[in-house]
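What follows is the residue order along each chain.
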Amino acid sequence: MDNLDDIDDIFNLDLDSIFEEGPDQLNLTSSPGGYDSLSTSFAPELTGGVGDYGDTATFSSSSLLSAPPRPSSASNGPQLVSKSNCSNCTTIYRSHDTGIKVIDQNPSTSSNVQQSMQKLLHEETVSKLLLSQCNNHRQVIEVSSFNDSPALYFKWENGITCEEWLDKVQQIHPQGVEFNVRLRAAMAISKTLSQFHQCSVAYNSLSPKNIVLTPFEGDYVAKFIDLSDAVICNDEQTFKEMTAKDLTSLGSIFDQLFQTDGGGGSTNEGDGGGLGEFTSLRRVSVNSDMSDNNRNVRKRGKQRTPGEGLPLYLGAMITTLLMSGDVDYDASQLRYESANDVYEDLKALVTQNIGHRRSSSLKGAELDHEVIIHNRLKLPKDLFYGRQVQMSMILHLLQSSTNLGNQPLMALIAGYPGTGKSTLVNQIKKPLADKNGCFIEGKFDKSARPDKVLASALDSFFAGINASNAGENAYMSMRWRINDAIGSGVSCLFDVIPSLRKFMDDGTEVDRTEGRKIGGNVMGQRLKYMFCKLISAISCRSQPLVLVLDDLQWADEMTLGVIRMLMTDPDIHYFLFLGCYRENEVNESHMLSANLNDIREQGVNFMTIKVGAIEKESVNALISDVMCLPPSLCRPLSNVVHQKTGGIIMFILRLLTSLNDEGLVWYSMSSHRWMFDLQKIELKEMSEDVVKHMTEHMSRLPRKMQMGLKLCACLGPNFDAAIIEKSRKDFNVGDDFLESSVDNGFLQTKGDSGYYTWAHDQVQQAAYELIPLQKREKFHLLIGSKLLLSTSSSELEKFLFYVVDNMNRGLNLVDNYHQKYELAELNLKAGEKVLERHSFHSSVKYLMTGIALLENDSWEKKYSLTIRLYDAASEALCATGDFPKLTALTEKPLIFARCFEDKLNIYNNLVRALSSSGENEECIATCVNVLSQLGEFLPMNITPEIYREEVVKVKQALIGQSRQGLLSLPVMTDLNKLTAMRFLNHMLIVTYTSNLSLNPIVVFRMVRMTVDFGVCNISAIAFACYGAWLASSLNDDYEGAFTMGRVASDLMKKLGSAEILPRIYLVIYGMINIYKEPWQASLCKHSEAFDAGLISGDTEYAVSNITFYYILALVNCGCNIKETSQSLHKFIKRALQYQQDVSARTLAMLEQMAFDLMGLNKNAYEAHFGGLDEEALKNLYVRNNLTNLTRSLYQKIRYVKYMCGDMDEAAKHYDLHQELTASCAVQATTASKCIAAFFSSNRSVFGPHYITNSGRTSLFFVSTFIDGLIALYFARKHRKDEAKWTDVAEKSMELMKKWAKSSSWNFSNKLYLLQAEYFFLKDDERAYACYKTSIKKAREHKFNHEEGLAHEKLATYLLHNNHHDEALQYFQNAKKCYAIWGASVLVQRVEKAITVLSPLCSGGI
């Protein structure tokens, strides 16, 4: 703190209280010579330097007498202040603000008079010299005569001497004066002395009685009086000697100033206002054998050593100052060279004390008796130095995230190991706590399971809340937010976050088979989503959240995926993510770099904060605080330390520890300060690598200590103290090992949990390096084996991973047949345990290790162990998405498994892998093979005859089955049939993309099996898909389809199969109910399905539902375009976030439609798809034969162009669409042509890519409507091709009639408008009535956009028939409807028509 002007405000001190009697009432007669000289306040910065002056001038009496005389005394003239004595031939007078020092002319003391005259003249010379360099010093007014005697006139200064001040302190404040009051007095004295020295003047006889202290603006001004003994130093040697003498005197003054006995004050640290308040530098009183008895003073009958009983910082300063003039004192590294260094050190002490008052973390080291007695440096945790710039950047981010909170913020802290990245991040805790924020932190480790880090961090967070007993009140709102965000789905997190169950006060039992129900890879998606929802629920305006993950270079793909989702989630607010990583271990090909690039590509900007070595001054501040030494005294040491460590903070701390252990840094009982042997430290050879240095240091520790460190290094980044207790005898670890390791800074405790963590992963690495490379495997194996032998079966659950991890590290040394199988069994237990907790990658590691341990005869001699390992491994590999490895893994169990039932789960996971890998033909063949062994035979070559036969069979099975009857079917219990339904379900999706003719056969078989053998959750999917088939163009059985949809929905609810809700709702509300119920009713269902899909992990169908939602909202229902597009934008990000590219492109297409209709010149594709515009994307789709995307884009363009009146472009894209449809028909195989109509209209039933084809989705209906309108326009405008366009229009009307019979709400207004346009074409007067009816129906059914279109078309019809006034009215109505819809382009187009038409009207509107 460079500016100390605010000290009085900070400490609220009343400095004037010491002077409360007033300067005029003070007894000044004891002040010989007056208060007449140079002074300063310590607030301004030091100015001036050492001048180059010649020899001291000599003055004769004649020159003094020649000066003009001053007036003599009068009745109101100068008053006598002090009278001379034999040793002092001067008398002091005071006249108002002027002091007069008069030489006594008594002949008997002529020699003394002459000597005094010389001092008087010398004093004037010194004063003038000082004035030339120091503007804030007062000068001697003049040398003249007083009553015919030589006299020196000087400016009188009010105040009291330091000697009097000390006496007065005791009288006024018997309980002691605040430490900082004394400190400021010392600063003023040292600054004045520093200014003397800068002018090459040594005071030479400094003592408390020659220093005048005056309060000034909350500070002290120190003024040195009687300059007669001052020395003007003309050479360096003299200056050095005289400076040392002044510094010694300064030390003596400080020793008196800061003592709290005799001179005033209390020695009790607990007394208010005493030195005890300064707790960051505790006082230490010890018996001293210091030999210099001349410096001892009496203290309660005992000899007191200077500096004793003071804060160590001050004690070191005072003892160093006192020894400044000691010729024999060999402590060059602890010597003050100037008074300015003393002043700066005192200023640093004030700054430190201010920091102590303002912050809960102390910059100074807290030294206690125990530390000093054992001569051990105590290194505080989280030492923070030299990071002000980086800290300000993080605090700025925190401020933005907590105050604005409109989007999640992110910063990465990059640096080399040991540079203090974690410490930097930890500084955010206090300002975050001040904002009532939440702090969650986790740390990856290269030797630990990365997929548990985020869960462990969240578990620790909730455990802390539970332990604080604040859950019922302070965190009640958080519990509500979690319930709102996740609902019952939170129970799936209870296994991975145990503390969350207690926090939520939820006793729900966790279904650990749920992963198999949902599907392993889907479970991984679900877990990521649930983490995101949980984190988003924790953060809010009143409780902002900071998530910190350290050592991201070792993070796993799942955690990085969660980070990516968090940062791109538009629903997360008041959230800041801070990630630390080692930049020397992350290159462009690193997984972290790839994920960061993905985040950038999704429009997220984040800051990278570089953390490097700290500067020399920061190193000096650190050492000063650790050793409680003034900065000037430890600068020689800090320079050497910085040179040897390169400024790496962890290296600095470890070096200081090793220097202390080696006796090169020690606490001196005689000097009451830390000392160091600088010469030996400079000569000390040491490794440039911190790990090697720490290893060398550890190698000099006692043998038992080393053994304990080796053991702990093999246990991982954190471990249970019970492990050490269990292993103490086997490994000869000392009883006090853990305590000593904490004291040495190797380990840290985790509260009262009984767990220990390494202070830093590099400390762990250094301990691990104690184990010779060639012996490490053996040592690991020994640890694991010893733990296994000493652990009971009931304890094995707790210590399982310590045992398995260590034995696996010594795997190559296990050659015994029985030991291999025993270790394989342990790996199976570990793998299954972490699989239950969804740590899929860790599970793969254990299970594959177990498989590697199996011998060739394991299928015969250890069959149960072998099949369980393969079965669990296939499950874990499926969850991680490592499909090539999974496919290879399944070969052996499918050959050697003893029965078909043992192969089923292997087959199940294999089919998932083949499907996800795009190996559709092999997937279908595998499913057909499994089904045949289950008694379900499916034909592979589907002919028209086979197809018709299967249709007959399924309809016969349903004869007489009512809706209630289907719901009353018994639950399917036959395991073979349940398994068959599962494999048919796999085929349902795969056949959509690779075998269309087989797809409906699969649906029919699932329905028949349900009727014959009972219902299961997959039965609901079968009924929904069958309902969609009934609604297809092959059947047009909308009532039957609606019934099947209700059966599917009710059955899903009855069975509690929430995991299939997204898929069921997609089919029912996207493919069936659109024929029957109002479209508006489906909106909330698709939104519900989106949330349910994310909770269950079915992100594919979740995003598909939200895409259906926006098609309905924007195109079918005519919701406000602006509001819809604003919410739509975030779901494009969501779709990309969940890697649903086709849906993301469709949503972007809808957003572009909104922009076009609102008249905004914006490109919705640019931010998400490489900066391409719509035309470029269309060409890309056509060029790459992306039929479904091309078809959707053609539909969108036709719609927008027609609505905006660009009829030529609308017709062009109608023709392009027809060409695309014809091309697809040509590509259809002969076998599938018999059911081509079914698949061309209903492919979306069997997969989520519904929107990218011509299926009967809601967009298909609107396209049919618009195509009819385009056709009627051109039939009316272009008579030569009227027949072509009329045919198109008639087909559109035919379809619309059929649909309107099923749902008048959705289709009647469209049918009437098509009929009106058709009658317009035929000059039929019925057109007017149809237009009016279309308007009425659209208004009643809340289709504002289509009401506006009907108004506009009627206006055009009336205008054609010269009914201008009525036409104007309907144009006005169209404008209102379009404005409600938010289609600004259409509003502008209609306004132009109104402008043209208005002059032609008779009365206007």
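Remember, predicted model here, so these are calculated numbers, not experimental data. (Residues numbered from 1 in each chain as written. Predicted model: local features only at pLDDT ≥ 70, side-chain atom pairs only at ≥ 80, totals over all residues. Heavy atoms only, no water.)

Before going further, it helps to spend a moment on the overall build of the protein. Tallying secondary structure elements over the protein gives 61 helices and 23 strands in all. In the protein, buried positions account for 58% of the 1405 residues. (Helix = DSSP H or I, 4+ residues; strand = E, 2+ residues; numbered from the N terminus. Buried < 20%, exposed > 50% of the residue type's maximum accessible area, 1.4 Å probe, protein only.)

Moving on, we come to the sheet that holds strand β14 (residues 409-415). Read across the open sheet, the five strands follow the order β15-β16-β17-β14-β18; overall the sheet is parallel. The outermost strands of the open sheet, each flanked by one partner alone, are β15 (438-443) and β18 (607-611). Across the sheet, the mean angle from the axis of one strand to that of its neighbour is 15°, orientation sign disregarded. Where β14 lies against β18, five bridges are found, and the strand directions are parallel. Across the sheet, residue Ile-413 finds its bridge partner in β18, namely Ile-609. Helix-sheet contacts for helix α13 (residues 453-467) involve β15 and β16 (545-550), and the interaxial angle to β15 is about 145°. The strands that helix α18 (residues 557-568) touches are β14, β16 and β17 (575-582); relative to β17, the one it contacts most, it runs at about 145°. (Pairing = 2+ DSSP bridges. Axes fitted to C-alpha atoms, helices over the stretch in contact; angles between N-to-C directions. Contact = heavy atoms within 4.5 Å.)

Tracing the chain through its elements places Ser-624 in helix α20 (residues 616-627). Contact partners of Ser-624, with chain neighbours within four places excluded, come to Tyr-313, Leu-629, Pro-630, Pro-631 and Cys-634.

The next thing to look at is the nonpolar core. The biggest cluster of nonpolar side chains holds 402 residues, and the ones touching the most others in it are Phe-254, Phe-462, Ile-482, Leu-493, Leu-500 and Phe-531. Dropping the residues within four chain positions of it, Phe-531 is found in contact with Leu-454, Ala-455, Leu-458, Leu-493, Val-496, Ile-497, Met-558 and Val-562. Residues Met-391, Leu-424, Phe-439 and Val-548 belong to the second largest nonpolar core, which totals 19 residues. (Core = buried A, V, L, I, M, F, W, Y, C linked by side-chain atoms within 4.5 Å.)

Within β14, seven of the seven residues are buried, leaving the element largely enclosed by the surrounding structure. Side-chain alternation along β14 places Leu-409, Ala-411, Ile-413 and Gly-415 on one buried face and Met-410, Leu-412 and Ala-414 on a second face that is also buried. Of the strand pairs in this sheet, β14 and β17 are connected by seven bridges, and their pairing is parallel. When the sheet's bridge partners are listed, Leu-409 is paired in β17 with Leu-576.

Okay, the packing of aromatic side chains next. According to the stated counting rule, one finds 41 aromatic pairs in the structure shown. Consider the rings of Tyr-1038 and Tyr-1075, whose centres lie 4.4 Å apart with planes at 15°: the pair is stacked. Linking Tyr-1038 in helix α44 (residues 1038-1055) with Tyr-1075 in the loop between α45 (1061-1072) and α46 (1080-1096), this pair joins segments that are 37 residues apart in sequence. Each of the two residues, Tyr-1038 as well as Tyr-1075, counts as buried. Connected via pairs of aromatic rings, a cluster forms that spans Tyr-1038, Tyr-1075, Trp-1079, Phe-1260, Phe-1261, Trp-1299, Phe-1307 and Phe-1343. Between the NZ or CZ atom of Arg-449 and the centre of the ring of Phe-801, over which it lies, the distance is 4.5 Å. The ring of Trp-1285 has Lys-1284 lying over it, and the distance from NZ or CZ to the ring centre is 4.3 Å. (Phe/Tyr/Trp six-rings, centres within 6.5 Å; stacked < 30°, edge-to-face > 60°. Lys NZ or Arg CZ within 6 Å of the ring centre and 35° of its normal.)

Turning next to the pattern of salt bridges. Here the structure, examined in full by the defined rule, presents 53 salt bridges. Between Asp-551 and Lys-443 there is a salt bridge, with its nearest N and O atoms 2.6 Å apart. Of this pair, Asp-551 sits in the loop between β16 and α18 while Lys-443 sits in strand β15, placing them 108 residues apart in sequence. Given a relative accessible area of 39%, Lys-443 falls into the partly exposed group. As a salt-bridge pair, Lys-833 and Glu-797 come within 3.0 Å of each other at their nearest N and O atoms. Of this pair, Lys-833 sits in helix α31 (residues 817-836) while Glu-797 sits in helix α30 (residues 796-809), placing them 36 residues apart in sequence. Counted as one network, the salt bridges with shared partners bring together Lys-443, Asp-550, Asp-551, Arg-582, Glu-585 and Asp-761. (Salt bridge = Lys/Arg side-chain N within 4 Å of Asp/Glu carboxyl O.)

Now for the confidence of the model for the protein. Averaged over all residues, the pLDDT of the protein is 81; the fraction at 70 or higher stands at 82%. Scored below 50 in pLDDT, residues 512-517 shows 11 contacts in the model against residues more than four places distant or in partner chains. Here residues 1229-1255 scores under 50 on pLDDT; set against residues more than four positions off or in separate chains, the count is 88 contacts. (pLDDT = per-residue confidence, 0-100.)

With 18 residues, helix α34 (residues 863-880) should reach 26 Å at 1.5 Å per residue; the first-to-last C-alpha distance of 26 Å fits that figure. Most of α34 is tucked away: 15 of the 18 residues are buried. (Expected span 1.5 Å × (residues − 1).)

In this section: the pairing of β17. Within β17, eight of the eight residues are buried, which leaves it mostly tucked inside the rest of the structure. For β16 and β17, the ladder comprises five bridges, and the chain directions are parallel. Residue pairing in the sheet places Leu-545 in a bridge with Phe-575 of β17.

A separate point is unusual backbone geometry. Negative phi characterises most residues that are not glycine, and trans characterises most peptide bonds. Backbone geometry places Asn-436, a non-glycine residue, at a positive phi of 60°. Using a relative accessible area of 46% as the deciding quantity, one classes Asn-436 as partly exposed. The phi angle at Asp-551 is positive, at roughly 60°, despite the residue not being glycine. For Asp-551, a relative accessible area of 2% puts it in the buried group.

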